[in-house]
Amino acid sequence: MNAPLKHGLSYWGTKTDFASLMEQVRKIGPVLEENSQDNEKLGRLNEATFDALKSLRMSHIFAGEDIGGAQLSPTQGLQLIEAITYHSGAAGWISMVHACIGAMSAAFLPDTAIARLFGGDAENRFSGQGTPTGMLKKVDGGYLLNGKWSYASGIYHATFTHTAALLDDGNGQPAKDENGNVIVLCAHAPVGDHDLLGNWNSLGLQATGSIDYAAKDVLIPNDMVFPILTAEPQRMKEFFSLGVVGLAAIGHSGWAIGASRRILDEMAKYAVTKTGRAGLLGESDKFWFDFGRAETRVRAARAFLFEVWRDVEASIEAGNRVSTRQISLVHLAKSEVHEAGVDACQFVYRAAGGASLRYGVMQRTYREMLTAANHFTINPNIVGAAGRELAGLWSDRAWQFYDLIEKP
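Calculation notes
- Residues numbered from 1 in each chain as written.
- Predicted model: local features only at pLDDT ≥ 70, side-chain atom pairs only at ≥ 80, totals over all residues.
- Heavy atoms only, no water.
- Salt bridge = Lys/Arg side-chain N within 4 Å of Asp/Glu carboxyl O.
- Helix = DSSP H or I, 4+ residues; strand = E, 2+ residues; numbered from the N terminus.
- Buried < 20%, exposed > 50% of the residue type's maximum accessible area, 1.4 Å probe, protein only.
- Axes fitted to C-alpha atoms, helices over the stretch in contact; angles between N-to-C directions.
- Parallel < 35°, antiparallel > 145°, perpendicular 65-115°, else oblique.
- Left-handed = near helix turned anticlockwise from the far one by under 90°.
- Contact = heavy atoms within 4.5 Å.
- Nonpolar A, V, L, I, M, F, W, Y, C, P; charged D, E, K, R; others polar.
- Phe/Tyr/Trp six-rings, centres within 6.5 Å; stacked < 30°, edge-to-face > 60°.
- Pairing = 2+ DSSP bridges.
- Core = buried A, V, L, I, M, F, W, Y, C linked by side-chain atoms within 4.5 Å.
- 1 Å grid on protein atoms, 1.4 Å probe; cavity = no way out; pocket = protein on both sides within 12 Å on 5 of 7 lines; lining within 4 Å.
- Points joined across faces, edges and corners; volume = space filled by probe spheres on them.
- Expected span 1.5 Å × (residues − 1).
- Arc of directions from axis to C-beta.

Peer 1: Can you lay out the pattern of salt bridges for me, pointing to particular residues and giving the numbers?
Peer 2: If charged atoms from side chains of opposite charge come close, those side chains can pair. Using the criterion set out here, one finds 20 salt bridges in the structure. A salt bridge links aspartate 223 to arginine 116; the nearest nitrogen and oxygen atoms lie 2.8 Å apart. You can see aspartate 223 sitting in the loop between strand 7 (211-221) and strand 8 (225-227) and its partner arginine 116 sitting in helix 6 (residues 111-117), a full 107 residues away along the chain. Exposure remark for aspartate 223: the relative accessible area of 15% places this residue in the buried category. Accessibility expressed as a relative area gives 43% for arginine 116, which makes it partly exposed.

Peer 1: Summarise the packing of helix 7 (residues 243-271) against helix 10 (residues 324-352); cite the residues concerned and give the values.
Peer 2: Helix 10 packs onto helix 7 with a crossing angle of 25° between their chain directions and a minimal axis gap of 9 Å. One way to sum up the angle between helix 7 and helix 10 is to call them roughly parallel. Helix 10 is crossed by helix 7, and the crossing has left-handed handedness. Each of Val245, Ala249, His252, Ser253, Ala256, Ile257, Ser260, Ile263, Leu264, Met267 and Tyr270 in helix 7 lies in contact with helix 10, whose residues at this interface are Val330, His331, Lys334, Val337, His338, Gly341, Ala344, Cys345, Phe347, Val348, Ala351 and Ala352. Considered class by class, the residues forming the contact of helix 7 with helix 10 number 16 nonpolar, six polar and one charged.

Peer 1: Just give me the short version of the packing of aromatic side chains, but keep the residues and values in it.
Peer 2: What the rule picks out here adds up to 18 aromatic pairs. With 6.4 Å between their ring centres and 40° between their planes, phenylalanine 126 and phenylalanine 160 make a pair best called tilted. One end of the pair, phenylalanine 126, is in strand 1 (residues 126-129); the other, phenylalanine 160, is in strand 4 (residues 160-167), with 34 residues separating them in the sequence. Residue classification places phenylalanine 160 among the buried positions, given a relative accessible area of 15%. Here phenylalanine 376 and tyrosine 402 contribute two aromatic rings whose centre-to-centre distance is 5.3 Å and whose plane-to-plane angle is 75°, an arrangement assigned as edge-to-face.

Peer 1: Give a description of the pairing of strand 9 (residues 397-400) that names residues and reports values.
Peer 2: Every second residue of strand 9 is oriented toward a common face, the buried set being Arg397 and Trp399 and the non-buried set Ala398 and Gln400. Pairing analysis gives four bridges linking strand 9 to strand 10 (residues 403-406), with the strands arranged antiparallel. Bridged to arginine 397 within strand 10 is glutamate 406. Hairpin connection between strand 9 and strand 10: a loop of two residues separates the two successive antiparallel strands, and phenylalanine 401 in this loop has a positive phi of roughly 55°.

Peer 1: Give a detailed account of the nonpolar core, specifying residues and quantitative values.
Peer 2: Ile220, Phe239 and Met267 are the most contacted members of the largest nonpolar core, which has 130 residues in total. When residues no more than four places from it in sequence are discounted, the contact partners of isoleucine 220 are Leu136, Gly141, Gly142, Tyr143, Leu145, Ala187, His188, Ala189 and Val225.

Peer 1: How would you explain empty space enclosed by the protein if you had to name every residue and give the values?
Peer 2: Rolled over the atoms, a probe as big as a water molecule pinpoints where empty space is left. Under the counting rule described, the total for this entry stands at two cavities of 30 Å³ or more. When its volume is computed, the largest cavity comes out at roughly 60 Å³. Around the largest cavity sit Thr85, Tyr86, His87, Ser88, Gly89, Ala259, Arg262, Val361, Arg364, Thr365 and Glu368, which together line it. Sorting the residues of the lining of the largest cavity by element identifies helix 4 (74-87), helix 7 and helix 12 (361-372) as the ones contributing at least two each. Top contributing element to the lining of the largest cavity by residue count: helix 12, with four residues. Class assignment of the residues belonging to the lining of the largest cavity gives a composition of three nonpolar, five polar and three charged. Approximately 40 Å³ is the volume found for the second largest cavity.

Peer 1: Give me the lowdown on helix 7, citing residues and values where you can.
Peer 2: When the terminal C-alpha atoms of helix 7 are compared, their 43 Å separation across 29 residues agrees well with the 42 Å that a helix rising 1.5 Å per residue should span. Along helix 7, 25 of the 29 residues are buried, which leaves the element largely enclosed by surrounding structure.

Peer 1: Which residues make up helix 13 (residues 380-391), and what values do they have?
Peer 2: Taking 1.5 Å per residue, twelve residues should reach 16 Å; helix 13 reaches 17 Å between its end C-alpha atoms and fits that length. Listed in full, the buried residues belonging to helix 13 are Ile382, Ala385, Ala386 and Glu389. Looking down the long axis of helix 13, one finds its buried residues gathered within 100° of arc, a one-sided arrangement. When the buried face of helix 13 is taken as reference, the exposed residues oriented beyond 90 degrees from it are Pro380, Asn381 and Ala391. Residues of helix 13 that are buried make contact with helix 10, strand 9 and strand 10. Note on helix 13: the residue one or two positions beyond its end, glycine 392, has a positive phi of about 95°.

See below:
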């Protein structure tokens, strides 16, 4: 067997200055914050907000430099998404969706599709749904896509969809592979080829425009699909061995640590004022004990997250693919940053009284965190499977999408 290549730190991009990206986020932060309420009323990011984000090129941050991307490391991506989210949960959510789906497209599509989507001056952004609630029927030159999908976060600001669908066996039924498993393909098509249906009336993340969308006989070229459950990376094979699920985990985890940090910072600012309810809080030992515990858990969850991802990066830099154990830890870290964030938000919401009840950063972040924690990627069954793997009960299994399955 060939020994893995040892890449070292040279694996990650060098053409994009990461410190400059972070400084850019700091500069646009006020714009993101000033427009938050208007964005919620609009149900998407307004022009001023998205114009401020565009220069970050979030759909390209994990793509390779050879195809026009920044080729950031996972920990750099976490920090960037955290920083955007700190200023605006909706802007952070759309940014992480565009970043992670952009990475999936850059990872798994063939070279001919990459040349169209990422080549030259292309500034495509990607949004869609990975749950196969539609079907693809094989025709000459490609496939016809039909169906309806929900939760297409950021689709108003995207140029291409990324849509999971079952392969039609020719008789209107799902086709199956040689092992009897249904075949699920991820299709890419211009957003304009779809019907945008609306239907996003949610507790939080209202400005993400996570609407329903539909396709009716949309032609998908042969090279614009990949098998979402079993996709093999076509480039940067060590990093993209994270798969669809591992790449999505970077985005969701970065979002959660940004939102958690912001609500605790807002609580601290409020509690140190000297008048009204805040003045009473500042004199309460019980409040400061609870605040300290919330700070501890949020910081510990973030530290665990970066410990896990630094280990993943070290494996990639050594030329290795990401292991089952590492994916299990990625899932556990992703879960914990959300659980710590929910607990911190519950504490702030109750402690701040009317200050968190009325519209403002605390109220908005509280609603957004509760919404984010309901995402299917934070499913308790995933944590349970990861726990079984860590304990050795399922040591003979491997991750496929969000399931830990027996090896064939």
